[in-house]
Every structure is written in C-alpha cells, then in structure tokens.
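Understanding the architecture of this molecule
Take a look at the letters that make up each chain.
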Amino acid sequence: MSPAQDWLNDKKARLERKNAFDGALVYGTARFNRETGRDRAARIPFQEFVDPETGLLRPDLVRPRSCPVCSTPPGPGLFVKGGFRHVRCPECGLIYVSLVLREDVMLRYWREELAWMSVLNSGPQEELDRLKFSYGLEAAEAHLARGVPGNVLDMGAGNGTFVRTASARGWKATAVEINTESAQSMLDEGYQVIVKPLELSDVPHGAFELVTFWEVLEHLAEPRQTLARVAPLFAEGGLLLVLVPNAGSLVTRILHEKSHTFGGHSHLNHFNAGSLTRLLESLDYEILEMETLLTELGAINNHLDFQDPYRGEAAPFVPELTPELIHDRLWGSRLFVLARRKGRDAWGRARPLPRRGAEPRRSP
Ligand SMILES: [Zn+2]
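Only a predicted model underlies this, so the values are computations on that prediction, with no experimental measurement involved. (Residues numbered from 1 in each chain as written. Predicted model: local features only at pLDDT ≥ 70, side-chain atom pairs only at ≥ 80, totals over all residues. Heavy atoms only, no water.)

1. Topic: the sheet that holds strand β3 (residues 84–88)
Paired through backbone hydrogen bonds, the strands of a sheet run either parallel or antiparallel to each other. Strand order in this open sheet of 4 strands is β2-β3-β4-β11, and the pairing throughout is antiparallel. The two strands at the open ends of the sheet, each matched to only one other strand, are β2 (77–81) and β11 (269–270). Looking at chain direction, strand β4 (residues 95–97) and β11 are connected through 2 bridges and run antiparallel. When the sheet's bridge partners are listed, Y96 is paired in β11 with N269. (Pairing = 2+ DSSP bridges. Helix = DSSP H or I, 4+ residues; strand = E, 2+ residues; numbered from the N terminus.)

Pasting the structure below:
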C-alpha cells in the first residue's frame, strides 16, 4: 500500500487531519467567526431582491423550480429566510429553495460579490483552506492509479486558494470563476482561468484527471445540468470531488433556520448523504468515498446553552459529543465525496460485464 493509501485507511490519522482544519476546534467558534468576518458576511441580506410588503423575493426577479435532484414538484414549505422559501422534497429529502432568482440576476450577483470573497481572503480562512484542500487532493491522489498529479479543473474557484494549493503539489490547475475580481487576481498570478459559465467555454474533453466542486453545487439552480456538462471532461479514470453543506449534519438539525447555511447567502440546495448519492448515481457516478468534514461543535454547544450559536462561548454540553462521534455518524457540517464514472476501473478501462448465467441467483 502506498503511504497515501495508508493514511486514508487509518481512521485516527484521518480524524487528526480533519480536526486541524476545523476552524471551530482550532480557534473556537466566536473567534473564528470574528476573525474571518463570517459573522458580518452572514448578516448582509439580499434586500434589493426582497419585496418589503411580503418579505418574499420580488416576483419579477424569480422563477419557480422543482426538485433539482428528482424533479418532483415542491412539497410543503419548511420556512422562509432572507425572502427565500425553503421546502423539503417529499421524494428524495433534498431541502431546497423553490423560487430562485433568474439566471441573469444570479450571474450579476456572483460577478460582483465581495463579502464572501473577503471571508475567503482572511488569514485564518486561507490557512485552514490550504489544509482542507491538501487533504482532498491527497485523498483523490490515493484513488488515482496514474496521471497524478495531472490536470485539475476547479469549478467556482473563488479566491484561488485551491488552484494555488494544487499547483504547489504539482497539479496543472484550471479555474472556472465568474467573480470579476477573483478571476482577475488568479489571471494576474498566471493561472488559467475561464471567466464565464462552463457551458459557454470550450474546455477540452477528456482532459482532466480531477474535477473539483468545493462548495459550489449548493449555489447552482441546476446542479444536475452542470454535473452532466462536466461528464465528458474527465480523462480516463478521472475523479469527481464534491464538498457541500450537509443538511443531515447535527448542527443543521439543531439550528434549523438559525443556521448560517440557510438564506442570506444564496445556498439554493441543501443535500444530505441520501440526496447527494441519488443525484450522483443518477448521473452514472460511483461513489468511492463519502465522509463529513467540520463539526461546528461550538455552534451546537452555544445553542444548547441558549447563547448565540456563532458568537457564544459555551463549554461543551456533554464530553461524549466528540468530533469522532460526529464524523462516524456523518453528522459533520460538510459532505465530502469522491466519485468516478460508473463502469470504469482506476485505469479508465471499461469493466467487463458479468457473463450470462454467472450472476448470483436472486431470491424470489
Ligand atoms: Zn427530490
């Protein structure tokens, strides 16, 4: 076994690596939110999009949508936050925003967005992100039998911390980023950047050993379409890496709409392990790894102690609630997935289909 595979199979080593980029554990929740500017960014409302009469998004700016995972029409509403109506799909369990801003409004917003970019650029966030991205790259590298480090396409590259981290490990990184300022700063550093939505670009097919969506799918009104567009871009045996907020996390189950993951900063889709698996498998991806990252343990303790989840400084509620338990149950606040197109082995060869008659007998 290679050293890379060694640590992947070593549960304790893996947990130590995860804890080292868990901001709430490293800095404490209140300090981490303050020093990264997260608390300020989360309080900026989408006021220009909201009708003050109804408290809902302005009807001229929105369009309805069905469940982006399974196409079922929206079920009963869960809550409204920041003008966005959140519903849960009765079929697949996805929590999602059923009225989304029109695509042109969304594109303009992301081109000009600055508040979240300033969080990404803050010192503590950059430092922890580098560790998180290295962890993801090492996990991907352990699964790739060849072509490593190779070409990586980073969808929604943000401020460029991932492309810098990947380049330092020897990967040739291409960024897709529509935010004008972020894209320019990566271009200034000499990186290859696609400054338009993927469907409008001519990315070469079959070129990438790795395609990454670091906290991107939750922002897309049509995540299925984007994932389908990415499918022909993989080199043989290429891997898909996804990180999304986890609606099945303990922190989200406890805080509900008080969680910063909902509303105000355009998270349109809230996957849990089941709905993310369903989406990827329906697009012919086979999941190789699924685990959770980040605990938000401080926010849980604060809420249970009647303090502000993000600014409180409560002591642990019970000592038994540890990062180990949280991640063992897939209760961490982000879902991390590595996947590969079905029917391909690590060398990209199509797997032989089972011979007729060789299949195990099904019980009646
Ligand atoms: Zn659904």
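Having put the structure on the table, let's press on.
2. Focus: the coordination of the zinc ion
Octahedral six-donor coordination of a metal ideally yields angles of 90 or 180 degrees, compared with 109.5 degrees for tetrahedral four-donor coordination. Around the zinc ion, the protein contributes the donor atoms C67 (SG), C70 (SG), C89 (SG) and C92 (SG), which lie 2.3 Å from the metal centre. Within one chain, the residues donating to the zinc ion are spaced in sequence as C-x2-C-x18-C-x2-C. Of the two residues, C67 sits in the loop between β1 (62–64) and β2 while C92 sits in the loop between β3 and β4, which places them 25 residues apart along the sequence. We note that C67, like C92, is buried. (Donors = N, O, S within 2.8 Å, 3.2 Å for Na, K, Ca; no water. Buried < 20%, exposed > 50% of the residue type's maximum accessible area, 1.4 Å probe, protein only.)

3. Considerations on the layout of surface pockets
The calculated volume of the second largest pocket comes to roughly 290 Å³. Together, 14 residues line the second largest pocket, and L78, R88, I95, A247 and R253 are the ones closest to its centre. If you list the elements that add at least two residues to the lining of the second largest pocket, you get β2 and α12 (250–255). Here the residues of the lining of the second largest pocket sort into 6 nonpolar, 6 polar and 2 charged. (1 Å grid on protein atoms, 1.4 Å probe; cavity = no way out; pocket = protein on both sides within 12 Å on 5 of 7 lines; lining within 4 Å. Points joined across faces, edges and corners; volume = space filled by probe spheres on them. Nonpolar A, V, L, I, M, F, W, Y, C, P; charged D, E, K, R; others polar.)

4. So, the nonpolar core
Counting residues in hydrophobic clusters, the biggest one holds 37 residues, and the most contacted among them are F213, V230, L240, L276 and Y285. Those elements giving two or more residues to this core turn out to be β6 (151–155), β9 (208–214), α11 (223–230), β10 (234–245), α13 (273–282) and β13 (334–341). Here the element with the most residues in this core is β10; it accounts for 4 residues. Excluding anything up to four places from it in sequence, L240 contacts V211, F213, L227, F234, L280, Y285, V337, L338 and A339. Ranked by size, the runner-up nonpolar core spans 34 residues in total, among them W7, A175, A183 and F336. (Core = buried A, V, L, I, M, F, W, Y, C linked by side-chain atoms within 4.5 Å. Contact = heavy atoms within 4.5 Å.)

5. Points about the packing of helix α4 (residues 29–36) against helix α8 (residues 123–143)
Two elements in contact, α4 and α8, have axes whose closest approach is 7 Å; the angle formed by their N-to-C orientations is 110 degrees. If you check the angle between α4 and α8, you find them roughly perpendicular. Of the residues in α8, those in contact with F32, E35 and T36 of α4 are P124, Q125 and L128. Looking at the contact of α4 with α8 residue by residue, the class counts come to 3 nonpolar, 2 polar and 1 charged. (Axes fitted to C-alpha atoms, helices over the stretch in contact; angles between N-to-C directions. Parallel < 35°, antiparallel > 145°, perpendicular 65-115°, else oblique.)

6. A look at the confidence of the model for the protein chain
For the protein chain, mean pLDDT is 89; residues scoring 70 or higher make up 91% of the total. Between residues 352–364, whose pLDDT stays under 50, and residues either more than four places distant or in other chains, the model counts 1 contact. (pLDDT = per-residue confidence, 0-100.)

7. Considering the packing of aromatic side chains
Under the definition given, this model contains 10 aromatic pairs. Ring geometry for F234 versus Y285: centroids 6.2 Å apart, planes at 70 degrees, classification edge-to-face. Here F234, found in strand β10, pairs with Y285, found in strand β12 (residues 285–293); they are 51 residues apart in sequence, far enough to count as distant. Each member of the pair F234 and Y285 is classed as buried. Aromatic rings pair up to connect F21, F133, Y135, F162, W214 and F336 into one cluster. Above the ring of Y285, the side-chain terminus of R341 is found at 5.4 Å from the ring centroid. (Phe/Tyr/Trp six-rings, centres within 6.5 Å; stacked < 30°, edge-to-face > 60°. Lys NZ or Arg CZ within 6 Å of the ring centre and 35° of its normal.)

8. Examining the packing of α8 against helix α9 (residues 161–168)
For the pair α8 and α9, the least separation of the axes is 9 Å and the interaxial angle reads 55 degrees. One finds that α8 runs oblique with respect to α9. The chirality of how α8 crosses α9 is right-handed. Residues E126, D129, R130, F133, S134 and L137 of α8 form the contact with α9, whose participating residues are T161, F162, R164, T165 and A166. Classifying every residue of the contact of α8 with α9 by side-chain character gives 4 nonpolar, 3 polar and 4 charged. (Left-handed = near helix turned anticlockwise from the far one by under 90°.)

9. Some words on a nonpolar patch on the surface
Together, L304, F317 and V318 make up a nonpolar patch on the protein surface, roughly 240 Å² of accessible area in all. For F317, the position within the fold is in the loop between α14 (297–304) and α15 (323–328). (Patch = residues over 30% accessible without salt bridge, like charges linked within 9 Å, V, L, I, M, F, W, Y side chains within 5 Å. Areas by Shrake-Rupley, 256 points an atom, 1.4 Å probe, with all protein chains shown as cover. Salt bridge = Lys/Arg side-chain N within 4 Å of Asp/Glu carboxyl O.)

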